[in-house]
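One letter stands for each residue in the lines below.
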Amino acid sequence: MELNRRTVIAGAAATGVAATSLGGTAHASPGRGKPVKSLFGRLADGTKVHSWSLENGGTRMKVLSYGGVVQSLEIPDRRGRYANVSLGFGTVEEYVASSPYFGALIGRYGNRIDQGRFTLDGQQYQLSVNDGENSLHGGSQGFDKRVWDVEPFTRGSDVGLHLYHTSVDGEMGYPGTLRAKVTYTLTRDGDWRIDYEATTDKATVVNLTSHVYWNLAGEGSGSVYDHELSIAASRYTPVDSGLIPTGELARVAATPFDFRRAKPIGRDIRTAHQQVLYGQGFDHNWVLDKGITRRPEHVATLRDPSSGRTLRIATNEPGLQFYSGNFLDGTLVGSGGRVYRQGDGLCLETQHFPDAPNQPSFPSTVLRPGQTYRTTTVHSFGA
C-alpha cells in the first residue's frame, strides 16, 4: 500500500519515533516549533550569514540569509525515513565561490535576457552579462548573492520567515529601486509556500523565482533520471543555441517535451532532438495550460519510485522552467559529502517566460510605480 503524507506522520506519532536521514536513525515525531536562528558563517567582508531552522507538519527546512538559500529540506519517505531532498553546500564559502544557484532566491529577473538588453518606455537598458552574451538570473550579483534581512514568524498553525531586500536603481543595470519581500511558510500539512511581493519607484521588469535542486531520493544519492514527472502544459518555448526563446509556442506532442502524462525524466533525455541538444538535456520553459491565474493551481508532480516521495507544485504563474541538472559536472561536493554529477538534481522554477522584456507576445513582466508584484508557489510533499 502506498501511504500518503498524513498517514506516514500519523504512523510515526503512534510509535513515538520516526527515522531520519538516509541511514534511518530514530528520531522524535515531527511537530511545530518557532524558527531557530544560528550563525552559519561570515562573508569575506565580515558580514554574518545566519541559518534559520524551521519545522512543521513533518517538513524540516534550513534557510540562509545569504541568497534566501534553502540549504536543506527534509521530508519522510513511505516508511517514515527522513532525507534531505535539496542539493546544497555545507559552508557559506562554497555558496559564494561556486554555487550554481543551489536553493537560492532569484531576481531581479529569473532566467535569461537576450544580450542583457531590453527597451522599456523608449529607453534601452544594458544589464550585467554573465551567461555568454546573455544575462542570467539577475546578473553577476543577483538576489542569490545578497544577504537578506530575515524576520521569523508564527501565525496560527503556520511558521515561517519574511525575507526583505532592496535593490537600488541601476543595480545590475535594472531601472528603479525595487523593494522585494519574500515569505517562506511551512504549513500544518508540511507544505512549503512561497509568496513573492515587490514594488518599484520607476518602471522596471521583475520575475522572481526559487532555484531549489530537487532529488527526492536524497541529495547525493545519484541521478534523478528515474524520477517520474508530469507537467500540465501542451506547449513549450523552443530556444536558440544560447537558450534564448525564439518566440514560438511549440506543441509538446510527439516530442521529448511531452510530460502531460507522467514519465521518467531519463526516458527521452538522450533523444537526438535539436532542442535537447541545445539544452544538453531539458532547460526549457513550459507554457502552462492554465495561464496566469488568481490563485495557485496544480501544474506539476514529481515522484521518486524508490522512496515513494512526491512533490506537487501549484502556482499562479504562467510558466515552469524544467532544468534537468545538465551542467553539474562532478566538480562540486554537496552538503552530504558526495560529488554532484550531471542529472543528480533537477529544478522546477515557476516563472514568467524567459526574455519576456524582448518578446511582446509573451506575458508582460513590467512593473510600474503604484503596482505591486505578487505571485505564489506552493510545494506539497507526500509519500
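Residues numbered from 1 in each chain as written. Predicted model: local features only at pLDDT ≥ 70, side-chain atom pairs only at ≥ 80, totals over all residues. Heavy atoms only, no water.

A. Inspection of the sheet that holds strand E29 (residues 347–351) at higher detail. Taken in spatial order, the five strands of this open sheet run E21-E20-E23-E26-E29, and their pairing is antiparallel. Every interior strand has two partners, whereas the edge strands, strand E21 (250–251) and E29, have only one. In terms of strand pairing, strand E26 (residues 319–323) meets E29 through five bridges, oriented antiparallel. Residue pairing across strands places phenylalanine 322 opposite leucine 348, the latter belonging to E29. (Pairing = 2+ DSSP bridges. Helix = DSSP H or I, 4+ residues; strand = E, 2+ residues; numbered from the N terminus.)

B. View of unusual backbone geometry. Glycine 107 connects to arginine 108 through a cis peptide bond whose omega is 0 degrees. By the secondary structure assignment, arginine 108 is in the loop between strand E8 (104–106) and strand E9 (112–113). Its identity is not glycine, yet histidine 137 carries a phi of approximately 55 degrees, on the positive side. On the secondary structure map, histidine 137 appears in the loop between strand E12 (135–136) and strand E13 (149–155). Residue classification places histidine 137 among the buried residues on the basis of a relative accessible area of 5%. The backbone of aspartate 355 sits at a positive phi, close to 60 degrees, despite the residue not being glycine. Within the element layout of this structure, aspartate 355 appears in the loop between E29 and strand E30 (366–367). (Buried < 20%, exposed > 50% of the residue type's maximum accessible area, 1.4 Å probe, protein only.)

C. Up close: the environment of aspartate 77. Its place among the elements puts aspartate 77 in the loop between strand E6 (70–76) and strand E7 (82–84). We classify aspartate 77 as buried; its relative accessible area is 4%.

D. How the structure looks around the nonpolar core. Formed by 56 residues in total, the largest nonpolar core has its most connected members in Trp192, Ile231, Trp286 and Phe322. For this core, the element with the most residues is strand E15 (residues 178–186), which contributes five residues. When neighbours within four sequence positions are excluded, isoleucine 231 is seen to be in contact with Phe259, Arg260, Trp286, Leu288, Val299, Ala300, Leu320 and Phe322. (Core = buried A, V, L, I, M, F, W, Y, C linked by side-chain atoms within 4.5 Å. Contact = heavy atoms within 4.5 Å.)

E. Focus on the sheet that holds E15. Sheet architecture is open: nine strands sit in the order E13-E14-E15-E16-E31-E25-E24-E19-E22, paired in antiparallel fashion. Because the sheet does not close on itself, it has two edges, and the strands there are E13 and strand E22 (263–264). Across six bridges, strand E24 (residues 297–303) lies against strand E25 (residues 310–315) in antiparallel orientation. For threonine 301, the partnering residue across the bridge sits in E25 and is arginine 312.

F. Molecular detail of the packing of aromatic side chains. Summed over the entire model, instances satisfying the criterion amount to 23 aromatic pairs. Pairing phenylalanine 102 with tyrosine 213 gives two aromatic rings, centres 4.8 Å apart and planes at 80 degrees, and the pair type is edge-to-face. Of the two residues, phenylalanine 102 is situated in the loop between helix H2 (92–98) and E8 and tyrosine 213 in the loop between strand E18 (209–211) and strand E19 (228–231); the sequence distance between them amounts to 111 residues. There is no split in this pair, since phenylalanine 102 and tyrosine 213 are both buried. Ring geometry for phenylalanine 282 and phenylalanine 322: centres 5.3 Å apart, planes at 25 degrees, overall stacked. One end of the pair, phenylalanine 282, is in the loop between helix H3 (274–279) and strand E23 (283–287); the other, phenylalanine 322, is in strand E26, and 40 residues separate them in sequence. Per residue, the accessibility class of phenylalanine 282 equals that of phenylalanine 322, and both read buried. Directly above the ring of tyrosine 82 sits arginine 60, whose terminal nitrogen or CZ lies 3.6 Å from the centroid. Here the guanidinium or amino end of lysine 263 rests over the ring plane of phenylalanine 259, the centre of that ring lying 4.4 Å away. (Phe/Tyr/Trp six-rings, centres within 6.5 Å; stacked < 30°, edge-to-face > 60°. Lys NZ or Arg CZ within 6 Å of the ring centre and 35° of its normal.)

G. Broad picture of the pairing of strand E14 (residues 158–167). Summarising burial for E14: eight of the ten residues are buried, a large majority. In the sheet, E13 pairs with E14 via seven bridges, with the strands oriented antiparallel. Counterpart to aspartate 149 in the pairing with E14 is tyrosine 164. The turn linking E13 back onto E14 is made up of two residues, and glycine 156 within it adopts a positive phi angle of 60 degrees. By the bridge criterion, nine bridges tie E14 to E15 in an arrangement that is antiparallel.

H. Here's a closer look at the environment of glycine 132. Within the secondary structure layout, glycine 132 lies in the loop between strand E11 (123–126) and E12. Judged by relative accessible area, which is 72%, glycine 132 ranks as exposed. With 17 residues separating them in the primary sequence, glycine 132 and glutamine 115 have C-alpha atoms 8.4 Å apart.

I. Spatial organisation of the side chain of aspartate 355. Within the buried core, aspartate 355 has no salt-bridge partner, and the shortest N-O distance to an opposite charge, that of arginine 112, equals 10 Å. Here the side chain of aspartate 355 touches asparagine 358 through a polar contact of 2.7 Å, side chain to side chain. Ignoring any residue separated from it by four or fewer positions in sequence, one finds aspartate 355 in contact with Tyr109, Arg112, Ile113, Asp114, Ile244 and Pro245. (Lys, Arg positive; Asp, Glu negative; His and termini not counted. Salt bridge = Lys/Arg side-chain N within 4 Å of Asp/Glu carboxyl O. Polar contact = N/O pair within 3.5 Å; in protein donor to acceptor, adjacent residues only side chain to side chain.)

J. Representation of the side chain of glutamine 351. Position of glutamine 351 relative to the elements: it lies in strand E29. Among the polar contacts made by the side chain of glutamine 351, one reaches the side chain of asparagine 111 at a distance of 3.3 Å. Within the structure, the side chain of glutamine 351 is placed 2.9 Å from the side chain of asparagine 285, a separation counted as a polar contact. Once residues within four sequence positions are removed from consideration, glutamine 351 is found in contact with Asn111, Asn207, Asn285, Glu317, Pro318, Gly319, Leu320 and Gln321.

K. A look at the confidence of the model for the protein chain. In this model, the protein chain carries an average pLDDT of 93, and 92% of its residues clear a pLDDT of 70 or more. Counted against residues more than four places away or in other chains, residues 1–30, with its pLDDT under 50, gives 58 contacts. (pLDDT = per-residue confidence, 0-100.)

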